[in-house]
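# Survey of secondary and tertiary structure
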Amino acid sequence: MEDFGIYAAFGVNCPPQRLLSAEGSCRVSVAVPPSVRQVVLFSSGPWGERICVNAELNDADRFPITIGKLTPYNKCLSWEQWEEETWTDSVTLNVTLEGGNLVKADWSETELLSVKEYTPKDTVAPLAARELNGKRKRERVSEEDRDENKMIKSGEQENVCPNGTVEKTTPVQKAIGQTKGGQKLFSSGADAAKMKGTANGAGLVHGIVGRTPPQSAARTKSKQAKTPTQTAPLVSPSGRWGQTLCPIDALTAILIGGQGSRMHFCKDPMWKLCTEDMSWVAAETLAEGPTPEARIGHTAVYDPDSQRIFVFGGSKNKKWFNDVHILDTQSWKWTMVEAQGKVPPLAYHSCSMFRGELFVLGGVFPCPNPEPDGCSDSLYIFDPHLSIWYQPIVTGDKPSPRSGHSACVMQQRKIYVFGGWDTPVCYNDMYMLDLGLMEFSAVKTTGKAPSPRSWHGSAVLSDTKFLIHGGYNGNNALSDTFIFDIDTNSWTEVTLPQLSVPRAGHSIITMETDGHHRFSGQDEDVDVDAGSVSRRLLVFGGGDNEGNFYSDLTTVAVEDLLAAI
């Protein structure tokens, strides 16, 4: 194994088989034996100018079950059947090499390999198993759809995390007879437990800066079904929800994770956004070290003093995480922290940075593992200097258990917590944590408050005001926008055309943008004074509970928002 090669082991008793070599094809497809329940893919030898290896496990209908990427810094991937809901028989592994000397590659052809159980072979064989079992799988899927389309009553079972897999009650009701083409982002039972990520098979909805996302992606369904694997390099992130968008300086933000159509985790999990020209750069292969596993419902916060991003928690199908990954934005190197102390696996929690420490509140936790069973009302603090978790002594009237809520740090002394849900209840209450006294108090508000919701977006607009936009109320994605004033404890609803699309699970941040272009929210740009810098609200991604996942980037001037109050 001295020369470069990509190898795969199918099951624990199977010796590795070489799939790609330095002089061979750049693409290969392998039929995974039905009895195999684990696949390990790894590289060996010097990478040279090769950039990455994209890998997909596809089902009988050629749609990805899960995806991954090998890089010179992340040389091994492992998948197990218990982690992937749709892994049945007729699974194929597709591997594609990018970069290096591709002169001999014929991208119109894909080498086909077959693997006998526990005995790898290099002979060419058709993927007959996929076609033989396709009809039976479609019949099974139809039966599952009929089961999911039954009306489910809310409030009869224990709490459900939106990424769980147990048929438990959520506040969502799905109409009888709803077709697969109309499946919603947040639907009943298993769908809500699976992150509300089931889409209509229409694929990913790609938008552009400032453009309103399409209200339906049904017209792209047939095309997506014919070409589920995209070979052309992406110039912007694919449609997704549940990701994080984390600013690291005045003109740069980092996008991490997320989930798109058909509950598939995004194969382009990391991007760099430059707000100077609103351009995206794929960033996964730029960073060294072990990258975080694909996930949703995690948090990512930036510490300006150490110039590092801290990624915590989240979930992937039946896997739950309580790990801490750190990205040094100066060296572009990932490290995984071996932390002391105890913190449970959490997803859909809030995480706030205060004086160099991470304040993690609420979220869904698995109990018994890996099935979700409840929401947390605990506060955990992570000290990066000591690499230790601890629980502070907190007094006062603290929030009830919840997940999908928001938390805004105001004036570097208070954290305001809004909304969230603990099935079957959605909240629109407000709590404040005094970071000096470590005391919670319920906030009595005036004005028209947002309706109960979770998975909304929030952002700090000024020293005294923060914004709440969109979210999910248990039935629909929302499009309304509210601004809260901490001096008067008052809510004000604002209406702007750029924020008129219903979405939940989206990301909202505020950043400075170059004044050469002012993105109006429509197709055209409006020129302003050259060289001026304005502070803007950026809204990315999310879903509309109608099967659409967005990749648009909408911008609104903060001054316009404050002027609308």
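In the nomenclature of an unreviewed UniProt entry, the protein chain corresponds to Kelch repeat-containing protein from the organism Perca flavescens.

### Some remarks on the overall build of the protein chain
The secondary structure content of the protein chain amounts to 4 helices and 42 strands. Relative to its full complement of 565 residues, the protein chain shows a buried share of 55%. The long-range share in the protein chain, meaning contacts at least 24 apart out of those at least 6 apart in sequence, stands at 61%. Working note: accessible area of the protein chain is about 23,600 Å², and carbon and sulfur atoms make up 50% of it.

### With respect to the packing of aromatic side chains
According to the stated counting rule, one finds 19 aromatic pairs in the structure shown. A connected cluster of aromatic rings, assembled from ring pairs, spans Y416, F418, F466, F482, F484 and W491. Residue placement shows R295 over the ring face of F321; its charged tip is 4.0 Å from the ring centre.

### Topic: empty space enclosed by the protein
For the structure shown, the criterion picks out 5 cavities of 30 Å³ or more. Taken as a whole, the largest cavity spans an internal volume of roughly 50 Å³. Lining the largest cavity are S350, S352, F359, L361, L379, A407, I415, V417, L433 and F440. Counting only elements with at least two residues in the lining of the largest cavity, the list comes to strand 21 (350–354), strand 22 (357–361) and strand 29 (414–418). Tallied by class, residues from the lining of the largest cavity come to 8 nonpolar, 2 polar and no charged.

### Comments concerning unusual backbone geometry
Here the bond from T423 into P424 is cis, since omega is 5°, no more than 30 degrees from zero. As for its placement among the helices and strands, P424 is situated in the loop between strand 30 (421–422) and strand 31 (425–426). Despite not being glycine, R355 has its phi angle at roughly 50°, a positive value. Along the chain, the position of R355 falls in the loop between strand 21 and strand 22. Backbone geometry places Q412, a non-glycine residue, at a positive phi of 55°. Tracing the chain through its elements places Q412 in the loop between strand 28 (406–410) and strand 29.

### Comments concerning the sheet that holds strand 25 (residues 379–383)
Read across the sheet, 4 strands follow the order 21-22-25-26 without closing on themselves; strand pairing throughout is antiparallel. Edge strands, defined here as strands with exactly one partner in the open sheet, are strand 21 and strand 26 (388–390). Between one strand axis and the next, the sheet turns through 25° on average, direction left out of account. The sheet contact formed by strand 21 and strand 22 spans 5 bridges and is antiparallel. Note that in strand 22 the partner of C351 across the bridge is V360.

### A word on the pattern of salt bridges
Tallying each qualifying case throughout the model produces 11 salt bridges. Between K398 and D377 there is a salt bridge, and its shortest N-O distance comes to 3.6 Å. Placement of K398 in the loop between strand 27 (395–396) and strand 28 and of D377 in the loop between strand 24 (372–375) and strand 25 is noted, with a sequence separation of 21 residues between them. By relative accessible area, which is 41% here, K398 ends up partly exposed. Through salt bridges that share partners, E293, K316 and K319 make up one connected network.

### Things to note about the confidence of the model for the protein chain
Taken over all residues, the pLDDT of the protein chain has a mean of 77, while the share at 70 or more is 71%. Under a pLDDT of 50 for its full length, residues 214–231 has, in the predicted model, 28 contacts with residues more than four places off or in other chains. Low pLDDT (under 50) marks residues 516–531, which in the prediction has 30 contacts with non-local residues, meaning those over four places away or in another chain.

### Points about the sheet that holds strand 13 (residues 270–274)
Here 4 strands make up an open sheet; going across it, the order is 11-12-13-14 and the pairing antiparallel. The open sheet has two edge strands, strand 11 (244–249) and strand 14 (279–282), and neither has a second partner. Along the sheet, successive strands turn relative to each other by an average axial angle of 25°, direction set aside. The pairing of strand 13 with strand 14 spans 4 bridges and is classified as antiparallel. Across the sheet, residue K272 finds its bridge partner in strand 14, namely V281.

Here is what the cut-offs are and how they apply
Residues numbered from 1 in each chain as written. Predicted model: local features only at pLDDT ≥ 70, side-chain atom pairs only at ≥ 80, totals over all residues. Heavy atoms only, no water. Helix = DSSP H or I, 4+ residues; strand = E, 2+ residues; numbered from the N terminus. Buried < 20%, exposed > 50% of the residue type's maximum accessible area, 1.4 Å probe, protein only. Contact = heavy atoms within 4.5 Å. Areas by Shrake-Rupley, 256 points an atom, 1.4 Å probe, with all protein chains shown as cover. Phe/Tyr/Trp six-rings, centres within 6.5 Å; stacked < 30°, edge-to-face > 60°. Lys NZ or Arg CZ within 6 Å of the ring centre and 35° of its normal. 1 Å grid on protein atoms, 1.4 Å probe; cavity = no way out; pocket = protein on both sides within 12 Å on 5 of 7 lines; lining within 4 Å. Points joined across faces, edges and corners; volume = space filled by probe spheres on them. Nonpolar A, V, L, I, M, F, W, Y, C, P; charged D, E, K, R; others polar. Pairing = 2+ DSSP bridges. Axes fitted to C-alpha atoms, helices over the stretch in contact; angles between N-to-C directions. Salt bridge = Lys/Arg side-chain N within 4 Å of Asp/Glu carboxyl O. pLDDT = per-residue confidence, 0-100.

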